[in-house]
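Residue-level structure breakdown
The lines below spell out each chain.
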Amino acid sequence: MTETAAPRKRLLIRTWGCQMNVYDSARMADVLAPLGYAPTEAVEEADMVILNTCHIREKATEKVFSDLGRLRDAKRSRGGDMVIAVAGCVAQAEGAEITARAPWVDIVLGPQSYHRLPEMVARASRAAGAVIETDFPAEDKFDHLPETTAPQGVTAFLTVQEGCDKFCSFCVVPYTRGSEYSRPVAAVVAEAERLVALGAREVTLLGQNVNAWHGEGPDGHAWTLGRLARRLAEIPRLARIRYTTSHPRDMDDDLVAAHGDTPALMPFLHLPVQSGSDRILKAMNRGHTADDYRRLVDRLRAARPDLALSTDIIAGHPGESDADHAATLALIRDIGFAQSFSFKYSARPGTPAATMAGPVGEAVKDARLAEIQALLRDQQAEFNRSRTGMVADVLVTGPGRHPGQMAGRTPWLNPVHFAGPMELAGQVVPVTITAGHPNSLSGVLPTSVLATTRERPAA
Ligand code: 5AD
Ligand code: SF4
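Note that the structure is predicted; figures quoted are calculated from it, not measured. (Residues numbered from 1 in each chain as written. Chains lettered and ligands numbered in written order. Predicted model: local features only at pLDDT ≥ 70, side-chain atom pairs only at ≥ 80, totals over all residues. Heavy atoms only, no water.)

**Focus: the packing of aromatic side chains**
Where we set the bar: Any two rings among Phe, Tyr and Trp, with Trp reduced to its six-membered ring, count as a pair given centres within 6.5 Å; such a pair is stacked if its planes are under 30 degrees apart, edge-to-face if over 60, and tilted if neither. Only protein chains enter the accessibility calculation, which uses a 1.4 Å probe. A residue is then buried if its area is under 20% of the maximum for its type, exposed if over 50%, and partly exposed in between. Under the DSSP-based scheme used, a helix requires at least four consecutive residues in state H or I and a strand at least two consecutive residues in state E, with every element numbered from the N terminus. Put simply, a charge is over a ring when the Lys NZ or the Arg CZ is close to the ring centre, within 6 Å, and near the line of the ring normal, within 35 degrees.
Going through the model one piece at a time under the given rule, you end up with 2 aromatic pairs. With centroids separated by 5.5 Å and ring planes inclined at 75 degrees, the aromatic side chains of Phe167 and Tyr175 adopt a geometry described as edge-to-face. Look at Phe167 and you get partly exposed, because its relative accessible area is 37%. What makes Tyr175 partly exposed here is its relative accessible area of 37%. Note on Phe383 and Trp412: the rings are 6.4 Å apart at their centroids and 75 degrees apart in plane angle, and the pair reads as edge-to-face. Here Phe383 is found in helix H13 (residues 362-386), whereas its partner Trp412 is found in the loop between strand S16 (405-409) and strand S17 (415-419), with 29 residues between them in sequence. Accessibility assignment for this pair places Phe383 and Trp412 in one class, buried. Note that Arg387 overlies the ring of Phe383, its terminal NZ or CZ placed 3.9 Å from the centroid.

**Considering the sheet that holds strand S5 (residues 107-109)**
As a reminder of what qualifies: At least two DSSP bridges between two strands are needed for those strands to be called paired. To obtain an axis, a line is fitted to C-alpha atoms, over the contacting stretch when the element is a helix, and the angle between two such axes runs from 0 to 180 degrees between their N-to-C directions. In what follows, a contact means two residues having at least one pair of non-hydrogen atoms within 4.5 Å.
Taken in spatial order, the 6 strands line up as S2-S1-S3-S4-S5-S6 in an open sheet, and their pairing is parallel. Two strands bound the open sheet, and with one partner strand each, they are strand S2 (37-39) and strand S6 (131-133). When strand polarity is set aside, the average angle formed by the axes of neighbouring strands in this sheet is 20 degrees. Pairing of strand S1 (residues 9-15) with S2 involves 3 bridges; the strand directions are parallel. Along S2, the bridge assignment pairs Leu11 with Pro39. Sheet strands in contact with helix H3 (residues 88-101) are strand S3 (48-53), strand S4 (83-87), S5 and S6, and its direction is about 135 degrees off that of S5.

**Brief notes about the pairing of strand S11 (residues 240-244)**
Worth spelling out the cut-off: Whether a crossover is right-handed depends on one test, that the path from the first strand over the helix to the second runs clockwise when the strands point away from the viewer.
Within S11, 5 of the 5 residues are buried, leaving the element largely enclosed by the surrounding structure. Here 5 bridges tie strand S10 (residues 202-206) to S11, and the two strands are oriented parallel to one another. Each residue of the ladder has a partner; that of Leu206, found in S11, is Thr244. This β-α-β element, S10 to helix H8 (residues 225-232) to S11, shows right-handed connectivity.

In C-alpha cells form, the structure reads like this:
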C-alpha cells in the first residue's frame, strides 16, 4: 500500500528581532509541517511567506513595510497564488494598519496565536479580506503547539517565559507580548530532553524577562530560575545552559548562587542596564540605580569569578543630559563588558517616554551613541585579546568557513575557529586560543585531542 503524502508546499519565514522570534519562527514551521509545508529560501517558489516582525524600534518596523512592498510584486508574478502572513510584534501592535497599508496581506497574527495558524490558513483561503488574530487568547499556546521533531543544531533555544510586567518607559514589549507568563517545570524539562535527544548540547532558555520565570514545579510550588537550571543540568548530554534576557531586578540570590554551584550554567550573562544615570534610570522606570547594578555584578563575580557580561544601552532617552551620558560612560568603564548592544532612543507610539519632556536631538543622540559604541567596542576587543593563551572549553558547532576548519563557542559565547576534523561537531573540546579578533577568536587543538580523533576508526 502506498501512502498519499500531503501536497508539497513551500514556506518562507523571514525573522527580525530577538531570539524569541527565532524560536517562534521554528515553532511556526513545526505547526505548518503537517499541512505539507516544507521550508524554502526562494521567494519565487514560496506558496506561503511569513514575516515574523519586531516592533522594538522604528527602523525594525519600517523594514516590514518595505518588505511587504516587494512581496506584493512576488505575489503578482505568481498570479496571486501566495499566502502572505505578518506575525510577531508589529502584527500585534499594528494589525489594522498593516491591512490598510498592505491589503495583499492574508493573515495577521500576534505572538500568542501561532498554534492557530493551520486554522487561519484554511480561513484565509475562504475569506475575502485578511484574517486577523491579535487577541491574547486565554488558552496557553504552548499546550497547543506540536512537539519539535526537526533535527536540532548543537545549540537550541527554548522559550520558558513570555511577556513583561515591567513597563520600562521606552519599551513596547509589555503591550505587544502581554503580561508575564512562566511555563511549568515539567513542560520545560520535557522540551529540553527532547531537544537533547534531537542533537542539542546547549540550550538557551528564552524569555523577555527570563529571570522573572517562576514556573510551577511538580511539588505545586513556584520554582526559581536557579533551581530550574540545576534540574536541567541533570539531563545527560546537556553540556551547557544559558538564559536571556534578564532584568537586574529579578536577579535573585538563588540565581546568583546557581552561577557558583552549577558548572553547566555558562559564565556569560546578558544583563541590560540601559543607562548609568540614576535620574534616567528613574525616568525609564527601571527600578534600580547604577550602584544597585554595580553591586549585583560584584555578587555575580564573587559567585563565578570568570563571569563575563553583556548589556544593552540606550543613548538619548528623553531628558538625558551631558552629565547623564557621562554617568553611562562611567558605568560602562566600571563594569567592563565583553559584549554589548547599544541603540539610539527611538520613540515608540503609546509608550510613556514618547511624550516625555526633553527629547534629545538626533545629532546629539548620534554623537552619544558613537561615543558609547567606541568604548564598548574597545572593551570587547580587550576581552577577546585577554583570552589569548587560555585553553578554553569549546563547544564545536560545525564546520568553519574554510576547508578543514571547525567553528565553536567558548563558555563566554565567543565564536572560535580552529583546524580540526568534522567528527568533533557536538563535542566540547579544549582549544588553545592563539589570537583575539574584534568579533571572534582563533585557536588550535592541543595535540592530545588531535591524536585521539585520529585514532578513532571511521564510522
Ligand atoms: N529605543 C531604543 N532602544 C530600545 N530598546 C527597547 N526599546 C527601545 C527604544 N524605544 C532596546 C533596549 C532593550 C533592547 C532589546 O532594545 O536596550 O534592552
Ligand atoms: Fe521592555 Fe523593560 Fe520589559 Fe525589558 S524589562 S521587555 S526593556 S519593558
